[in-house]
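# Secondary and tertiary structure notes
Residues per chain, in single letters:
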Amino acid sequence: MTHAFDIVVAGGGMVGAAVATGLGQSGFRVALVDKAGAPTFDPATPPDIRVSALSAGSERYLQQLGAWSAILAMGTTVYRRLAVWDQATHPLSKLIPRRLGEVVFDAASLSAPHLGHIVENRVTQQALWQCANEQPTVTTLSGNGVIALNNGPEQAIVTLEDGSELSCQLVIGADGAQSRLRELAGIGISRDQYAQQAMVISVRYRGPVEDITWQGFHPSGPRAFLPLHSAGDGYPGESWASLVWYDSPTELARLKQLDKDALLREIQTQFPEDLPTLTHVEARASFPIARQHAHHYHHGRVVLIGDAAHTINPLAGQGVNLGFQDAACLQSMIREAQRAGSDLADAQWLARYEQQRRPANRRMMLAMDAFYHLFSNRIPPVHLLRNLGLGAARALPFARNQVARYAMGLDEKPPSRSHHV
Ligand SMILES: Cc1cc2nc3c(=O)[nH]c(=O)nc-3n(C[C@H](O)[C@H](O)[C@H](O)COP(=O)(O)OP(=O)(O)OC[C@H]3O[C@@H](n4cnc5c(N)ncnc54)[C@H](O)[C@@H]3O)c2cc1C
């Protein structure tokens, strides 16, 4: 049997659930389909291994959708300071005091109440699914993935794993980096695998929840600390945190073999001395990291958003923030198309969406690549330069603040050339 909708959103991760909610609120009949089960959240369980630093821009968008209060109620960690430093050792490092190579961004000097919130992905996804389910216009279907597509001139028909069919004017592919929709629509991608991979480790540490997150750069990759919430009455005086360890696939494969106590010892020796005392490793997961960009954001009745359209190096944690910007932009184009009386898949509006989002996503991709290449080598002049660069950034607060505001998602546009450091 075929069910009719205006729009089918394939993929109910954070980005797909957001766009489905926003379009449902605008009165479109939307089906939100995910091959995984509906998200769940139990505050009594250890945190999700996947956490994201949500920018102030994402917070505003989630407020507009009505999801932010539920996210706050489930738990977020606000961060007001971000410390970044170079941890590489090289003969030339002796010439440069560590503090010269360190930059601390704080909310007050960026004229912002905070830099962002660290939120477990399951929390954001759960809050958005709640909002989607509250809309009479949105139908959520979980545990039933998209397997086939008829991208026709009059309508699209999406077939799900259980054989049911959904017809619509527009299909939004929000099904992540390995997007099936992208493949079914015949949209190619360019892909570059980075030499590094990322391991995310959930840990408990002794001490209160901090409002600072930090990233130390080693030649083999960055190591980051993201504080989460208190570990509760069961572990008095302890808090949860997420560590991210970027390294070569060989090194991460070695770390994966270690039992939890051995991994804990390894972290204590390999992470910077600023790390609080760890008491327990809860879970770990490693992710290959690649830069991907779809050749086109739309084809026929299919349009891509979020990781289905692009993935970037996660080192400044901007992936989902870009996805939310795609979602907000696409929503407004679809509303424009409706106002103009056009087909919702009218190429003119979808092309406008791509014209706005492709350059913005590409800029962030290139900015992350510049960071990655600057910090992932041991070549002395580059090493010296980057330390002086961080030193220069300290000396030029205005320029630094402009760059930082962009990298942290406080500003959606990068500073003009004259402000670059
Ligand atoms: C180590 C690491 C750390 C990161 N840290 C950050 C961070 O701090 N901040 C940040 O902004 N970003 C971060 N990111 C990136 C961020 O996780 C992604 O950009 C974000 O999850 C993308 O969201 P999405 O909804 O587009 O895709 P996904 O989260 O991948 O969701 C896709 C959804 O589609 C569903 N699906 C897949 N196939 C089908 C199908 N055939 N039919 C139906 N449904 C389907 C899946 O079940 C899933 O629910 C990080 C990434 C990594 C690897």
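Scroll up a little and you will see the structure.
Sequence positions are assigned chain by chain, starting from 1 and proceeding in written order. Only residues with pLDDT of at least 70 get local features here, since the model is predicted, and only at 80 or more are side-chain atom pairs given and counted; chain-wide, interface and lining totals rely on the full set of residues. With hydrogens and water excluded, all non-hydrogen atoms of the structure serve as input to the side-chain values.

With that settled, consider the sheet that holds strand β10 (residues 146–151). Pairing between strands is defined by DSSP: at least two bridges between them are needed. Secondary structure elements follow DSSP: runs of H or I no shorter than four residues count as helices, runs of E no shorter than two count as strands, and numbering proceeds from the N terminus. Taken together, four strands build an open sheet; the order of strands is β1-β12-β11-β10 and the sheet is mixed. Two strands lie at the open edges of the sheet, namely β1 (2–4) and β10, each paired on one side alone. If you compare each strand with its neighbour and ignore which way they point, the axes differ by 25 degrees on average. One ladder, built from five bridges, connects β10 with strand β11 (residues 156–160); its direction is antiparallel. When the bridges of β11 are listed, L149 appears paired with V158. Where helices are involved, their axes are fitted lines through C-alpha atoms of the stretch in contact, as for all axes, and angles between N-to-C directions lie from 0 to 180°.

Attention now moves to the site of the ligand. We define proximity as follows: a residue is near a molecule or strand when any one of its heavy atoms falls within 4 Å of that partner. Of all residues adjacent to the ligand, which total 28 residues, the nearest are D34, V146, D307, G317 and V320. Contacts described as polar in this section are N or O atom pairs within 3.5 Å, which, within protein, must combine one atom able to donate a hydrogen with one able to accept it, while residues neighboring in sequence count only if both atoms come from side chains. In this structure, A53 approaches the ligand through a main-chain N or O atom, which is 3.0 Å from an oxygen atom. G319 places a main-chain nitrogen or oxygen 3.3 Å from an oxygen atom of the ligand. In isolation the ligand exposes 1000 Å². Once the protein is present, 82% of that is buried. Put simply, the parts of the chain that give the shell around the ligand at least two residues each are α1 (14–25), β3 (30–34), β4 (51–54), β14 (189–206) and α8 (319–339). Per-class residue counts for the shell around the ligand are 13 nonpolar, 10 polar and five charged. Only the protein chains shown count as covering a residue, and every accessible area follows the Shrake-Rupley method with a 1.4 Å probe. Residue classes follow a fixed rule: Ala, Val, Leu, Ile, Met, Phe, Trp, Tyr, Cys and Pro count as nonpolar, while Asp, Glu, Lys and Arg count as charged, and any other residue, Gly among them, counts as polar.

Attention shifts here to the environment of W349. Mapped onto the elements, W349 comes out in helix α9 (residues 347–375). For every residue, the accessible area (1.4 Å probe, protein chains only) is compared with the maximum for its type, and the residue is labelled buried under 20%, exposed over 50%, or partly exposed between those bounds. Looking at W349, the relative accessible area reads 8%, which means it is buried. Measuring from C-alpha to C-alpha, the distance between W349 and A337 comes to 6.3 Å, with 12 residues separating the pair along the chain. Discounting residues that sit within four places of it in the chain, W349 has contacts with M333, E336, A337, A340 and S342. A polar contact is formed between the side chain of W349 and the side chain of S342, at a distance of 3.2 Å. The contact criterion used is simple: two residues touch if any of their non-hydrogen atoms lie within 4.5 Å.

This brings us to the packing of α1 against helix α2 (residues 56–65). In contact at an axis separation of 10 Å, α1 and α2 are set at 45 degrees when each is read in the N-to-C sense. One element, α1, and the other, α2, form an angle in the oblique class. Taken as a pair, α1 and α2 cross one another with a handedness that is left-handed. Here α1 contributes A18, V19, T21, G22 and Q25 to the contact with α2, which in turn contributes Y61, Q64 and L65. Here the residues of the contact of α1 with α2 sort into four nonpolar, four polar and no charged. Should an angle fall under 35 degrees it is called roughly parallel, over 145 degrees roughly antiparallel, and 65 to 115 degrees roughly perpendicular, with every other angle called oblique. Working rule for handedness: look at the near helix, and if it is turned counterclockwise from the far one by less than a right angle, call the crossing left-handed; if clockwise, right-handed.

Another aspect to go through is helix α6 (residues 249–257). Inspection of α6 places E251, L252 and L255 among the buried residues, and these make up the whole buried set. One side of α6 holds all its buried residues, which, seen down the axis, span an arc of 95 degrees. The outward face of α6, more than 90 degrees from its buried face, is lined by the exposed residues T250 and Q257. Elements that come into contact with the buried residues of α6 comprise β14, β17 (238–247), α7 (260–270) and β18 (278–294). For this quantity, the arc is that covered by the directions from the helix axis to the C-beta atoms.

Pairs of aromatic rings are described using the distance from one ring centre to the other and the angle between the two planes. Stacked, tilted and edge-to-face pairs are distinguished by plane angle, under 30 degrees for stacked and over 60 for edge-to-face with tilted covering the rest, among Phe, Tyr and Trp rings (Trp via its six-membered ring) whose centres lie within 6.5 Å. Taken as a whole, this structure holds six aromatic pairs when the rule is applied. Both rings, one in Y205 and one in F225, keep their centres 5.6 Å apart while their planes meet at 65 degrees; by these two values the pair is edge-to-face. Here Y205, found in strand β14, pairs with F225, found in strand β16 (residues 221–230); they are 20 residues apart in sequence, far enough to count as distant. Since its relative accessible area comes to 2%, F225 is described here as buried. Seen in terms of ring centroids, W245 and F271 are 5.4 Å apart; in terms of plane orientation they differ by 75 degrees. Their pairing is edge-to-face. Taken together, the residues W245 in strand β17 and F271 in the loop between α7 and β18 connect sequence positions 26 residues apart. There is no split in this pair, since W245 and F271 are both buried. Between R204 and the ring centre of Y235, over which it is positioned, the NZ or CZ distance is 3.5 Å. A cation over a ring is seen here: R204 above W240, with NZ or CZ 5.4 Å from the ring centre. Note on criteria: charge over ring means Lys NZ or Arg CZ within 6 Å of the ring centre, with the direction from the centre no more than 35 degrees off the ring normal.

Here R357 is to be found in helix α9. Residue classification places R357 among the buried positions, given a relative accessible area of 6%. Between the C-alpha atoms of R357 and L322, which are 35 residues apart in sequence, the distance is 8.8 Å. Ignoring any residue separated from it by four or fewer positions in sequence, one finds R357 in contact with Y297, L322, Q325, D326 and C329. Polar side-chain contacts of R357 include one of 2.7 Å to the side chain of D326.

Structural remark: α-helix, 3.6 residues per turn; residues separated by three or four positions point the same way. A helix is expected to span 1.5 Å for every residue after the first. Between the first and last C-alpha of α8 there are 31 Å, a value that for 21 residues agrees with the 30 Å anticipated at 1.5 Å per step. A positive backbone phi angle near 75 degrees is found at G341, which sits one or two residues after α8.

Moving on: the pairing of β11. Among the five residues in β11, four count as buried, and that is most of the element. The hairpin turn running from β10 into β11, its antiparallel successor, is four residues long. In this structure, β11 lies alongside strand β12 (residues 165–168), joined through four bridges in antiparallel fashion. What sits directly across from A156, in β12, is C168. Hairpin connection of β11 to β12: four residues between the antiparallel strands, including G163 at a positive phi of 90 degrees.

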